[in-house]
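# Coordinate analysis (summary)
In case you want the letters, here they are:
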Amino acid sequence: MTGYSPRREISLRTREALHGYGFILIWVVGFLLFTLLPLIETFRYSLNQVTVTTANINLNFVEWANYTRALFTDPNFIELLIGYTIETLVSVPIVLIFAMIIAMFLNLKFKFKGLFRVIFFLPIVITSGPVIKELTAQGAAAVPGIGNIPAVIEFLEQLPRALRTPVEYLLTSFILILWFSGVQILIYLASLQKVDRSIYEAAAIDGASSWATFWKIILPSLSTATVVNAIYTIVSLSHFSENKVIRYIYDRTYDVQGGIGYASAMAFIYFGVMIILLTIVYLFLRQWARRGTN
Amino acid sequence: MNIFHHPTIQRLRWLLFGSRAHRGLTMNAALYTVLIAIGFVYLQPLLFMFVTSIKSPDDLLNPMVQWVPTEFYLGNYIKGLRVLNYSNTLMASAVMSIVPSMLQVIVASVVGYGLARYRFRGKSLIFILLLATFLIPPQNTVIPQMLTYRNLGLLGNPLALILPALLGQGYKSAIFILIFYQSYISFPKVLEESARLDGASDMRVFLTLAVPSVLPAYIVSFIFSIVWYWNETFLTVIFLEGGVTTLPMQLSKFTQAYENLYPPGTVNIFDRLNEAVKMSGTFLNILPLLVMYFILQKWFVESVEMTGITGE
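About the thresholds
- Residues numbered from 1 in each chain as written.
- Chains lettered and ligands numbered in written order.
- Predicted model: local features only at pLDDT ≥ 70, side-chain atom pairs only at ≥ 80, totals over all residues.
- Heavy atoms only, no water.
- Helix = DSSP H or I, 4+ residues; strand = E, 2+ residues; numbered from the N terminus.
- Rg over C-alpha atoms; globule rule 2.2 N^0.38 Å.
- Buried < 20%, exposed > 50% of the residue type's maximum accessible area, 1.4 Å probe, protein only.
- Contact = heavy atoms within 4.5 Å.
- Areas by Shrake-Rupley, 256 points an atom, 1.4 Å probe, with all protein chains shown as cover.
- Lys, Arg positive; Asp, Glu negative; His and termini not counted.
- Charge placed at Lys NZ, Arg CZ, Asp CG, Glu CD.
- Salt bridge = Lys/Arg side-chain N within 4 Å of Asp/Glu carboxyl O.
- Polar contact = N/O pair within 3.5 Å; in protein donor to acceptor, adjacent residues only side chain to side chain.
- pLDDT = per-residue confidence, 0-100.
- Phe/Tyr/Trp six-rings, centres within 6.5 Å; stacked < 30°, edge-to-face > 60°.
- Lys NZ or Arg CZ within 6 Å of the ring centre and 35° of its normal.
- Core = buried A, V, L, I, M, F, W, Y, C linked by side-chain atoms within 4.5 Å.

### Here's the deal with the overall build of chain A
Looking only at helices and strands, one finds 14 helices and two strands in chain A. Taking 294 residues into account, the globule formula puts the C-alpha radius of gyration at 19 Å, and chain A, at 25 Å, lies well above it. With respect to the principal axes defined by its C-alpha atoms, chain A has extents near 80 × 70 × 40 Å. The buried share of chain A, reckoned over its 294 residues, is 48%. Partitioning the intrachain contacts of chain A with sequence separation of at least 6 by distance along the chain shows that 71% fall at a separation of at least 24. Carbon together with sulfur atoms contributes 65% to the accessible area of chain A, which is approximately 15500 Å² in total. Averaging the locations of the 22 positively and 17 negatively charged side chains of chain A gives two centres separated by 11 Å.

### Focus: the overall build of chain B
Tallying secondary structure elements over chain B gives 17 helices and zero strands in all. Computed over its C-alpha atoms, the radius of gyration of chain B comes to 27 Å, more than 25% above the 20 Å expected for a compact globule of 312 residues. With respect to the three principal axes, the spread of C-alpha positions in chain B is 90 × 75 × 30 Å. A burial count over chain B gives 51% of its 312 residues as buried.

### Concerning the interface of chain B and chain A
Contact residues are listed per partner, giving 91 residues for chain B and 88 residues for chain A. At the junction of chain B and chain A, the tally comes to one salt bridge. A salt bridge links A:Glu16 to B:Arg119; the nearest nitrogen and oxygen atoms lie 3.0 Å apart. On inspection of chain B and its partner chain A, the count reaches 16 residue pairs in polar contact (both at pLDDT 80 or more). With 15 residues, the top contributor of residues to the side of chain B that touches chain A is helix H2 (residues 25-53) of chain B.

### A look at the side chain of A:His239
Secondary-structure assignment places A:His239 in helix H12 (residues 223-239). A polar atom in the side chain of A:His239 sits 2.9 Å from the backbone oxygen of B:Leu135. Beyond its immediate sequence surroundings of up to four residues, A:His239 is in contact with A:Ile246, A:Met274, B:Phe134, B:Leu135, B:Ile136, B:Pro137 and B:Pro138.

### Here's the deal with the environment of B:Asn85
All names here are of chain B. Mapped onto the elements of the fold, Asn85 is located in the loop between helix H4 (75-84) and helix H5 (86-117). Look at Asn85 and you get partly exposed, because its relative accessible area is 37%. For the pair Asn85 and Thr246, spaced 161 residues apart in the sequence, the C-alpha separation amounts to 10.0 Å.

### Focus on the confidence of the model for chain B
Of all residues in chain B, 91% attain a pLDDT of 70 or more, and the chain-wide mean is 83. Here the predicted complex scores 0.85 on pTM and 0.84 on ipTM.

### A few points about the packing of aromatic side chains
Under the definition given, this model contains 36 aromatic pairs over all chains. Ring centres 6.0 Å apart and planes at 15 degrees place the aromatic pair A:Phe98 and B:Tyr42 in the stacked group. Of the two residues, A:Phe98 sits in helix H3 (residues 75-106) while B:Tyr42 sits in helix H2, which places them in two different chains. B:Tyr42 carries the same exposure label as A:Phe98, and that label is buried. Look at B:Tyr113 and B:Phe206: their rings are 4.6 Å apart centre to centre, the planes differ by 50 degrees, and that puts the pair in the tilted class. Of this pair, B:Tyr113 sits in helix H5 while B:Phe206 sits in helix H11 (residues 202-213); the two residues are 93 residues apart in sequence, bridging distant segments of the chain. Taken as a pair, B:Tyr113 and B:Phe206 share a single burial class, namely buried. An aromatic cluster of three or more residues is present, and its members are A:Phe23, B:Tyr113, B:Tyr118, B:Phe180, B:Tyr184, B:Phe206 and B:Tyr218. Against the face of B:Phe120 rests B:Lys123, its NZ or CZ located 5.5 Å from the ring centre. The ring of B:Trp228 has B:Lys172 sitting right over it, with the charged end atom 4.1 Å from the ring centre.

### Here's the deal with unusual backbone geometry
Residues and elements named next belong to chain B. In this structure, Asn85 is a non-glycine residue whose phi angle is positive, near 55 degrees. Backbone geometry places Lys172, a non-glycine residue, at a positive phi of 55 degrees. Residue placement: Lys172 occurs in the loop between helix H8 (159-166) and helix H9 (173-185).

### Details of the nonpolar core
A:Phe77, B:Leu115, B:Tyr184, B:Phe206 and B:Phe239 are the most contacted members of the largest nonpolar core, which has 176 residues in total. Residues within four places of B:Tyr184 in sequence aside, it is in contact with B:Ser109, B:Gly112, B:Tyr113, B:Ala116, B:Arg117, B:Phe206, B:Ala210, B:Val211, B:Val214 and B:Tyr218.

### Quick look at the pattern of salt bridges
Residue and element names in this part refer to chain A. Within this structure, the stated rule accounts for four salt bridges over all chains. When the shortest N-O distance is used, the salt bridge between Glu41 and Arg44 registers 3.1 Å. With Glu41 and Arg44 both in helix H1 (residues 12-46), this residue pair falls three residues apart, about one helical turn. In this structure Arg44 comes out as partly exposed when scored by relative accessible area, which is 41%.

Right, dumping it as structure tokens:
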């Protein structure tokens, strides 16, 4: 073709965009098919009484009945949700503080560092539902021996109920909580390694103690990583297949009465609680990060 | 002269409490104490698992035997291997984690490259949706998928796990897309531009220049993906039940499988299911991952440095 029609001349900008869309197209299709569509469908189930027969799925519209049942009638679900909220709010700060300490240790120079790193990242490999379940069943997730000390039992009995649950959870699942911090250690370590060493030296020459260096230099430089880690921790705890709420929702799915519709409604309530928790922790950490930099 | 400034005392002080240049002995002692204590807390469940798994029925009943069994008893492992149907489930686990991982990583790299290297409208929306796929709990999307698979006759078929991975919706896909996005965005553009001036197509630039330049990101993503797929049980149970049985799936019904092989009424007391057999099953379940971890540990512990992921 000699010459070109103005209509076929596409600007460089548009061509770049089209090529870009070409690269992400496969993901967009996948998102529609495997995330958005099922999500909408699940929401539709949650507003219906769903009966599954071998041939097809019957829906019987019941408005918000499944939601009111979960929130006001079912005694187990709310109890489990409260338990989940407490456990998450107890676990997140422990995971964050612990991961930060380990990362700062691993950022130092010392002998056998490689060996300790291998040990500390081991949980990334072995944290799976059935393994954790077997280990907890054998009591291997608790702090060794501490649950049997009479003084500890007596101390627990004297605590008010609102305090007792978190403390008890802490004692029985401490190792478990620590096992959820592998990836978080990696992220903290990366942030620490990005801090220019000369800043530490400058601080030391100015006579800053290591205590001051931690609060004034190290902690502020870790604020982004802390937000990322908090989100990652909440999500991985909430999606963990041995999570009691998830187990409950899963078991209810196969109920003859209610079944899928009810389970879908609970899934959405659970998702809502998770988003609220994420928002609270996110806002809290952002506030804290701002105060740190000012 | 102040006694504390005497050279010998000074040297002793340096030795014990350190100076600007190095930590002193006390600091080192404290450091190692803490590290060993935490290391023990991490290893304790594993040690417990291993020690329990090699206890004979006599040792289990003997309250004197805690951490050191009287003999190295392999009977539990023989039972464990049989109950887990090890060769089959191991194979199934390997296939069901390696195949989706490979596809997921390839797709994630393509998508991450598109996000990092091209300017187009709606990119921030894509990032929001990516975050959404990371946040949405699986139980909010799994039932319709399961029912669709059932209608298509794909329930229990490996394709049920492979298809989402192929379309960038595999397990924790968003993380891998972000890893590739970070890697490609920090890789200098100059080379690609000169290749483009020489007339190379976009696909060619991607395959011959971009992919080799971020090879570590591929390796790190691949091994993390394998580990996460291997350990995933919620989706595998729902999608593969009745067709394929992976190792963790078989472990979760260990008691039932054991009683099928060794019916409780017919075997003698030493062949009843005990925690030693259970622990041997659990240990067999994580053994392949442990082996992989110790071979590839450098890639795990240095993954962040290698991919340049920092968490922005």
